[in-house]
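Listed below are the residues making up each chain.
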Amino acid sequence: MKTAYRVATSSKLLGWSPEIFWKATAAEFEMALEGLSGKLSGAPFITREEVRRAAAAYGVRPSLKANPNHQVIGAPKG
C-alpha cells in the first residue's frame, strides 16, 4: 500500500492528492497506472483477495465517480 501511495501522489508520476488516492478504487488506480505506462492490458494487477484484505485493513471507500465534482478526461464540457 505504501508503494501505491507513493506512485499515486508523486508529482513525477500520477500527481494525485492524498484525498484522491484514498477515494480511488483499485480499478481506478489500475487504469491510471496503465495510462501512465502506456501498457494497457485486460488483466488485473491486483487480485480480488488483495482488494478484500485492503478493504478490511483500510475500510471501504466510495468510487471517485460518486463525487459530484468529478471530471472525465476528454469528455465534452457543458
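To be clear, the structure that these remarks concern was listed above.
Here's a quick rundown of the structure.

What counts and what doesn't
- Residues numbered from 1 in each chain as written.
- Predicted model: local features only at pLDDT ≥ 70, side-chain atom pairs only at ≥ 80, totals over all residues.
- Heavy atoms only, no water.
- Helix = DSSP H or I, 4+ residues; strand = E, 2+ residues; numbered from the N terminus.
- Buried < 20%, exposed > 50% of the residue type's maximum accessible area, 1.4 Å probe, protein only.
- Contact = heavy atoms within 4.5 Å.
- Polar contact = N/O pair within 3.5 Å; in protein donor to acceptor, adjacent residues only side chain to side chain.
- Core = buried A, V, L, I, M, F, W, Y, C linked by side-chain atoms within 4.5 Å.
- Phe/Tyr/Trp six-rings, centres within 6.5 Å; stacked < 30°, edge-to-face > 60°.
- Salt bridge = Lys/Arg side-chain N within 4 Å of Asp/Glu carboxyl O.

Describing the environment of E28
Moving on, step 1. As for its position among the elements, E28 is in helix α3 (residues 26-37).
Moving on, step 2. Exposure remark for E28: the relative accessible area of 14% places this residue in the buried category.
Moving on, step 3. Along the sequence, E28 and L64 sit 36 residues apart, while their C-alpha atoms lie 8.3 Å from each other.
Moving on, step 4. Setting aside chain neighbours within four positions, we find E28 in contact with W16, K23, S63, L64 and K65.
Moving on, step 5. Within the structure, the side chain of E28 is placed 2.6 Å from the backbone nitrogen of T25, a separation counted as a polar contact.

A short note on the nonpolar core
Moving on, step 1. Residues A4, A8, L14, W16, F21, A24, F29 and A32 constitute the largest nonpolar core, which totals eight residues.
Moving on, step 2. Listing elements by their share of this core, those giving two or more residues are α1 (2-9) and α3.
Moving on, step 3. If near-sequence neighbours (up to four positions away) are discounted, A4 is found in contact with F21 and F29.

As for the packing of aromatic side chains
Moving on, step 1. Evaluation of the coordinates by the stated rule reveals six aromatic pairs.
Moving on, step 2. Taken together through their ring pairs, the aromatic side chains of Y5, W16, F21, W22, F29 and Y58 make up a single cluster.

Focus: the pattern of salt bridges
Moving on, step 1. Scanning all chains against the criterion turns up two salt bridges.
Moving on, step 2. When the shortest N-O distance is used, the salt bridge between E19 and K23 registers 2.8 Å. Here E19 pairs with K23, and both are found in helix α2 (residues 18-23), just four residues apart, close to one helical turn.
Moving on, step 3. Overall, K23 belongs to the partly exposed group, its relative accessible area being 30%.
Moving on, step 4. Between E49 and R52 there is a salt bridge, with the nearest N and O atoms lying 3.6 Å from each other. Note that E49 and R52 are positioned in helix α4 (residues 48-58) at a spacing of three residues, about one turn of the helix.

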